[in-house]
Amino acid sequence: MGAPPGYRPSAWVHLLHQLPRADFQLRPVPSGFAPQEQEYQQALLLVAALAGLGLGLSLIFIAVYLIRFCCCRPPEPPGAKSPPPGGGCITWSCIAALLVGCAGIGIGFYGNSETSDGVSQLSSALLHANHTLSAIDHLVLETVERLGEAVRTELTSLEEVLAQRTELVAAARGARRQAEAVTQQLQGLAFWRGVPLSPLQVAEDVSFVEEYRWLAYVLLLLLELLVCLFTLLGLAKQSKWLVIVMAVMSLLVLVLSWGSMGLEAATAVGLSDFCSSPDTYILNLTEEETGLDSDILNYYFLCNQAVSNPFQQRLTLSQRALANIHSQLQGLEREAVPHFPDAQKPLLSLEETLNVTEGNFHQLVALLHCRGLHKDYGAALRGLCEDALEGLLLLLLFSLLSAGALATALCSLPRAWALFPPSDDYDDTDDDDPFNPQQESKRFVQWQSSI
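Residues numbered from 1 in each chain as written. Predicted model: local features only at pLDDT ≥ 70, side-chain atom pairs only at ≥ 80, totals over all residues. Heavy atoms only, no water.

1. Concerning the overall build of the chain
Of the regular secondary structure elements, the chain holds 13 helices and 0 strands. Listed by position from the N terminus, the elements making up the chain come as α-α-α-α-α-α-α-α-α-α-α-α-α. Across the 451 residues in the chain, those meeting the buried criterion constitute 42%. Working note: accessible area of the chain is about 24700 Å², and carbon and sulfur atoms make up 62% of it. (Helix = DSSP H or I, 4+ residues; strand = E, 2+ residues; numbered from the N terminus. Buried < 20%, exposed > 50% of the residue type's maximum accessible area, 1.4 Å probe, protein only. Areas by Shrake-Rupley, 256 points an atom, 1.4 Å probe, with all protein chains shown as cover.)

2. Notes on the environment of Gly148
Counting through the fold element by element, Gly148 comes out in helix 3 (residues 87-152). Given the relative accessible area of 16%, Gly148 is considered buried. Separated by 32 residues in the primary sequence, Gly148 and Glu180 have C-alpha atoms spaced 7.6 Å apart.

3. Quick notes on the nonpolar core
Grouped together as the largest cluster of nonpolar side chains are 65 residues, with contacts concentrated most on Leu158, Leu162, Leu186, Leu189, Phe191, Tyr300 and Leu368. Here the element with the most residues in this core is helix 3; it accounts for 9 residues. Those residues in contact with Phe191 that sit more than four places away from it in its chain are Leu133, Ile136, Leu292, Ile296, Tyr300, Phe311, Leu368 and Leu373. (Core = buried A, V, L, I, M, F, W, Y, C linked by side-chain atoms within 4.5 Å. Contact = heavy atoms within 4.5 Å.)

4. Structural notes on the UniProt feature "transmembrane region" (unreviewed entry) in the chain
Within this structure's numbering, the places UniProt gives as "transmembrane region" (unreviewed entry) are residues 43-67, 88-110, 214-235, 242-261 and 392-413. Secondary structure across residues 242-261 comprises 100% helix and 0% strand; the distance between its end C-alpha atoms is 28 Å. (UniProt positions renumbered as here; feature names shortened; annotations may be inferred.)

5. With respect to the side chain of Ser58
Position of Ser58 among the secondary structure elements: in helix 2 (residues 38-71). Within polar-contact distance, the side chain of Ser58 engages the backbone oxygen of Leu55 at 2.7 Å. In contact with Ser58, not counting residues within four places along its chain, are Leu254 and Trp258. (Polar contact = N/O pair within 3.5 Å; in protein donor to acceptor, adjacent residues only side chain to side chain.)

6. Comments concerning the packing of helix 2 against helix 7 (residues 240-276)
In the contact formed by helix 2 and helix 7, the axes pass within 9 Å of each other and the chain directions differ by 155°. In terms of their interaxial angle, helix 2 and helix 7 are classed as roughly antiparallel. Crossing handedness for the pair helix 2 and helix 7: right-handed. Contact residues: Tyr40, Leu44, Val47, Ala48, Ala51, Gly54, Leu55, Ser58, Leu59 and Ile62 in helix 2; Leu251, Leu254, Val255, Trp258, Met261, Gly262, Ala265, Ala266, Val269, Gly270 and Asp273 in helix 7. Of the residues in the contact of helix 2 with helix 7, the class split is 16 nonpolar, 4 polar and 1 charged. (Axes fitted to C-alpha atoms, helices over the stretch in contact; angles between N-to-C directions. Parallel < 35°, antiparallel > 145°, perpendicular 65-115°, else oblique. Left-handed = near helix turned anticlockwise from the far one by under 90°. Nonpolar A, V, L, I, M, F, W, Y, C, P; charged D, E, K, R; others polar.)

7. Observations regarding the state of the cysteines
Note on terminology: disulfide describes a covalent bond linking the sulfur atoms of two cysteines. Taken as a whole, this structure holds 2 disulfides when the rule is applied. Between the sulfur atoms of Cys275 and its disulfide partner Cys385 the distance amounts to 2.0 Å. Its S-S torsion of about -85° marks the bond between Cys275 and Cys385 as left-handed, since a negative value means left-handed. Placement of Cys275 in helix 7 and of Cys385 in helix 12 (residues 370-418) is noted, with a sequence separation of 110 residues between them. Its relative accessible area of 0% is what places Cys275 among the buried residues. The partner cysteine of Cys303 in its disulfide is Cys370, sulfur to sulfur 2.0 Å. The disulfide joining Cys303 to Cys370 has a torsion of about 55° about its S-S bond and is therefore right-handed. Taken together, the residues span a long stretch of sequence, with Cys303 in the loop between helix 9 (294-302) and helix 10 (312-336) and Cys370 in helix 12 at a distance of 67 residues. Judged by relative accessible area, which is 22%, Cys303 ranks as partly exposed. In the chain, the bonded cysteines, numbered by position in the sequence, are linked as 1-4, 2-3. Looking at Cys411, it has no disulfide partner, and the nearest cysteine sulfur is the one in Cys94, 10.0 Å off. (Disulfide = S-S within 2.5 Å.)

8. Observations concerning the confidence of the model for the chain
Across the chain, the average pLDDT comes to 85, with 87% of residues at or above 70. Within the model, pLDDT remains below 50 along residues 424-433, and this stretch shows 11 contacts once partners closer than five positions in the same chain are excluded. (pLDDT = per-residue confidence, 0-100.)

9. Description of helix 8 (residues 278-290)
Taking 1.5 Å as the rise per residue, helix 8 with 13 residues should run 18 Å; its terminal C-alpha atoms sit 18 Å apart, in good agreement. Along helix 8, the positions that sit buried rather than exposed are Pro278, Asp279, Ile282, Leu283, Thr286 and Thr290. The buried residues of helix 8 occupy one face: seen down the axis, they fall within an arc of 120°. Once helix 8 finishes, Gly291 follows within two positions and takes phi at roughly 75°, a positive value. (Expected span 1.5 Å × (residues − 1). Arc of directions from axis to C-beta.)

Written out as structure tokens, the structure reads:
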């Protein structure tokens, strides 16, 4: 099958397509894109379930670590005020993990933008294809109506004017038959008329879903950014309540990161299967949804020399009929106008109609060629299989970095929290503040000594 212009499966598509797949019974599943089959659906769900397994393992590890930290700590000697050794290392490891999370957030914003650009390219290609199909239908309808009006009015009046000359009436009736033949041939060119599948509706549905997907990821990225920044602020200010709140929020974002990782992994694997060989699936799906002949779909989706234009015969017959009408009208103009001056007006009107019809016909020939729609098909594949897939992989990297950074931070925050001063209430107070309890106690002692 001929690949669309400018589209070749990328290395990421080949790599993801080669990954083994299995159903819930761990039986191998072919990597061909078949979303309607239950085994293939189970294989993608199993890929997403791996993220759930990772979430469960990370939560177990965090819980075991925290239990060990809280219950198995050696008792501090009485009166010890110096921080335990290695405390600064723990704090800096937490800060480093949060900075890695911030770097992952930057990757996530870029990946979200790339995915959105790819989906926008897909929507634009669908809209352009819809414009081409609508233009074909409009030209066919306009031309058929114009020729029908000419047959009903100008040719009828011309036959009435030329009723005294049998050979001229026969020529006019010949032009009528040719015009009716052109009308019949042109009606078969509007192949998308009445088809239930609308590229415009598909583009609107894709844009609607993408808008909410983009917004959801932006909110997730902003939430994680706020968690990282406020956690760093809590460590810098040594604020226990802020660190506790951010620890709870980090746990929430950790769950969301693993969940998004599962969706991204399953989508990337399924998209790689589709992009490795998209023609067969698209052809079968379009034929099933539209009911169009396979010759028409093969011509526009493949657009190679091995597939001929299914409308070539209709176009050839229409061109010949238009040429015959033109020659017959020229003959009538030479023979009839000198003897029947009233025939000049309908003949000029017929010539004008014929010129417009020939112009519409040339536009139809250009629009019905496979180059335009095949170019839109290639643009849609490039947007989906290059930009969107690359963005998904970057989002997958973001989720992985986010999960690792947040898990490390959740393990480090309790140890860093233990290094904070015993009380936050008086840390930031000024020694010269008259309402400082320490200053009040000093004044009370001085007052007693003076007595």
